[in-house]
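Per-entry structural report
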Amino acid sequence: MARNTQVTADHNAPAVTQTLARFVAGHPSRGWSDAVDHEAHRTFMNWLGCAVGAAQHESAHAALGAVNMLQPAPQASVLGRTDKVDMASAALVNGITSHTFDFDDTHLKTIIHPAGPVASAVLALAEHRGLSGRAVIDALVLGIDVSCRVGNTMYPEHYDRGWHITGSTGMLGAAAGCARLLGLDEKQTAMALGIAASQPVGMREQFGTMTKPFHPGGAARAGLMSALLASQGFTASPRALEAPRGMIQTISTKYDWNEITSELGQRFEISFNTYKPFACGIVIHPSIDACSQLRAQGITADQVEKIELKVHSLVLELTGKKEPADGLQGKFSVYHGCACGLIFGQAGEDQYADDIVNRPDMVALRRKVVATVDDSIDEASADVTAVLKDGRRVHVFVEHAIGSLQNPMTDAMLEGKFHGLSDPVLGAKKSAPLIAACWKLGELADVRGLTALARP
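Cut-offs used in this document
Residues numbered from 1 in each chain as written. Predicted model: local features only at pLDDT ≥ 70, side-chain atom pairs only at ≥ 80, totals over all residues. Heavy atoms only, no water. 1 Å grid on protein atoms, 1.4 Å probe; cavity = no way out; pocket = protein on both sides within 12 Å on 5 of 7 lines; lining within 4 Å. Points joined across faces, edges and corners; volume = space filled by probe spheres on them. Nonpolar A, V, L, I, M, F, W, Y, C, P; charged D, E, K, R; others polar. Helix = DSSP H or I, 4+ residues; strand = E, 2+ residues; numbered from the N terminus. Salt bridge = Lys/Arg side-chain N within 4 Å of Asp/Glu carboxyl O. Buried < 20%, exposed > 50% of the residue type's maximum accessible area, 1.4 Å probe, protein only. Pairing = 2+ DSSP bridges. Axes fitted to C-alpha atoms, helices over the stretch in contact; angles between N-to-C directions. Contact = heavy atoms within 4.5 Å. Parallel < 35°, antiparallel > 145°, perpendicular 65-115°, else oblique. Left-handed = near helix turned anticlockwise from the far one by under 90°. Phe/Tyr/Trp six-rings, centres within 6.5 Å; stacked < 30°, edge-to-face > 60°. Lys NZ or Arg CZ within 6 Å of the ring centre and 35° of its normal.

Some remarks on empty space enclosed by the protein
Leftover empty space is mapped by rolling, across the atoms, a probe with the size of a water molecule. A full pass over the atoms with the stated rule returns four cavities of 30 Å³ or more. In terms of lining residues, the largest cavity is bounded by 15 residues, among which Ile111, His113, Tyr159, Phe207 and Gly281 are the most central. Among the residues forming the lining of the largest cavity, the class breakdown is seven nonpolar, five polar and three charged. For the second largest cavity, the calculated volume is near 60 Å³. Looking at the second largest cavity, the residues that line it are His99, Thr100, Phe101, Asp102, Gly208, Thr209, Lys212, Pro213, Leu328, Lys331 and Phe332. Counting only elements with at least two residues in the lining of the second largest cavity, the list comes to helix H4 (87–100) and helix H10 (211–231).

Observations concerning the pattern of salt bridges
In total, this model carries 25 salt bridges according to the counting rule given. Put simply, glutamate 127 and lysine 84 hold a salt bridge, and the shortest N to O gap is 3.8 Å. You can see glutamate 127 sitting in helix H5 (residues 115–129) and its partner lysine 84 sitting in strand E2 (residues 84–85), a full 43 residues away along the chain. Its relative accessible area of 34% is what places lysine 84 among the partly exposed residues. The salt bridge involving arginine 267 is made with glutamate 263; its shortest N-O contact spans 3.1 Å. By relative accessible area, which is 19% here, arginine 267 ends up buried.

So, the sheet that holds strand E7 (residues 382–388)
Read from one edge of the open sheet, four strands run E6-E5-E7-E8, paired in mixed fashion. The sheet is open, and its two edges are formed by strand E6 (369–373) and strand E8 (393–398), each paired on a single side. Averaged over all pairs of adjacent strands, the angle between strand axes in this sheet comes to 15°, irrespective of strand direction. By the bridge criterion, six bridges tie E7 to E8 in an arrangement that is antiparallel. Of the residues in E8, the one forming a bridge with valine 384 is valine 396. Helix H16 (residues 334–344) rests against strand E5 (304–311) and E6 of the sheet, and its axis sits at about 125° to E5.

Brief notes about the packing of H5 against helix H8 (residues 165–182)
Direction vectors running N to C along H5 and H8 enclose 25°, while the axes themselves pass 7 Å from each other. Here H5 lies roughly parallel to H8, going by the angle between them. Note on packing geometry: the crossing formed by H5 with H8 is right-handed. The residues of H8 that touch H5, namely those facing Pro117, Val118, Ala121, Val122, Leu125, Ala126 and Arg129, are Thr166, Gly170, Gly173, Ala174, Gly177, Cys178, Leu181 and Leu182. Of the residues belonging to the contact of H5 with H8, the class tally is 10 nonpolar, four polar and one charged.

Details of the packing of aromatic side chains
By the definition in use, this model includes six aromatic pairs. Ring geometry for tryptophan 32 versus phenylalanine 268: centroids 5.4 Å apart, planes at 70°, classification edge-to-face. With a gap of 236 residues between them, tryptophan 32 in the loop between helix H1 (16–26) and helix H2 (34–53) and phenylalanine 268 in the loop between helix H12 (258–261) and strand E4 (273–274) connect regions that are remote in the sequence. Since its relative accessible area comes to 9%, tryptophan 32 is described here as buried. Ring centres of phenylalanine 44 and tryptophan 47 lie 5.4 Å apart, and the angle between their planes is 50°; on these two criteria the pair is classed as tilted. With phenylalanine 44 and tryptophan 47 both in helix H2 and three residues apart, the pair spans about one turn of that helix. With respect to burial, phenylalanine 44 and tryptophan 47 carry one shared label: buried. Among the aromatic residues, those joined into a cluster by ring pairs are Phe23, Trp32 and Phe268. Geometry around tyrosine 159 places arginine 204 over its ring, the cationic atom sitting 4.2 Å from the centre.

Right, dumping it as structure tokens:
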């Protein structure tokens, strides 16, 4: 989908690196509404559940195998496991596992998964230093604000060029959050952001492979290291973000500086965070929701002659795999998503197991899905008609899928999702107190009590 436009360099860009550094270093603790604070707790809990849930995935084993070759000091926990590694490696591995199932949070305006890079870096540093849960929440809110505001500045042109925007902005959020935890001043925080600005990570070509979840993990590690370097006097350009040859103007043809500065400290991007009920790309969710509604109406797979699916062109661009060969590829197949909705009424991680993706009835139903592009339909919507063998046509239009801002998951739904992810790893008896600790994170004197609960 061609949305790029050529833009000449802006030599008079505002000093957004310094503006963000001043904001991160100086904004008061809990300097936002109760609603924002509650959303931060929801964000943290959703992220933690996703990280724990994928702790035994083969990508986690592979990443830990590589990390342990470095003989790391046991500074911070790998969530959902008994392993402890150095801070940077914990940020990397927890960032990987939090995105492995593609079940993590989404800032819908930019399609950024904001918690993965920021929370992974912040919790590793906070655990090593024995910091409070309030410090973690503050760093999470501010770090996510930085990454998402920079994402707002560049989206969609930056994403359309092929960057995985979660990784290519996440290192800035991680650097900001860790700078806040370290108590860096405005100048040092600007240096942390500047160092991070030279480390955007992630190309969309990697979607469907283990390298996609590496992106938030790599961003978390890069951001943490940037803050540590800045704390020791390491320097960077004070205009690393906005300069004509700085990060933003180099990797995007769009740079709307007002997206960074407008209502800074008054409007917090974490307020616009959403959480996935389905373990796949966010643009598939309306189609799954629609097919789940067909199932709820009594439609079964054996009744279906074909499923007519109308979606925005971006949906097929991102998730148009007709014949996924395994679970990772299935997460980028709207065809598989439709089959999950109609056959299971859900699309959790179990529905993306390799054997389910290749099950004959799933393959057969996928092949009955006829997808067409209709750009009059919003990216967040889906138009689905089940054409039945008896000649009936059953139509469902989903304007806003469950999990969207307009139709959000409740706290109870998030807890249920957490149990579904965590119980197979930790057991229900340990998941329950871990959920309780997440809700009370802002009151915890030391986050190490929470990370201890996240070990089997």
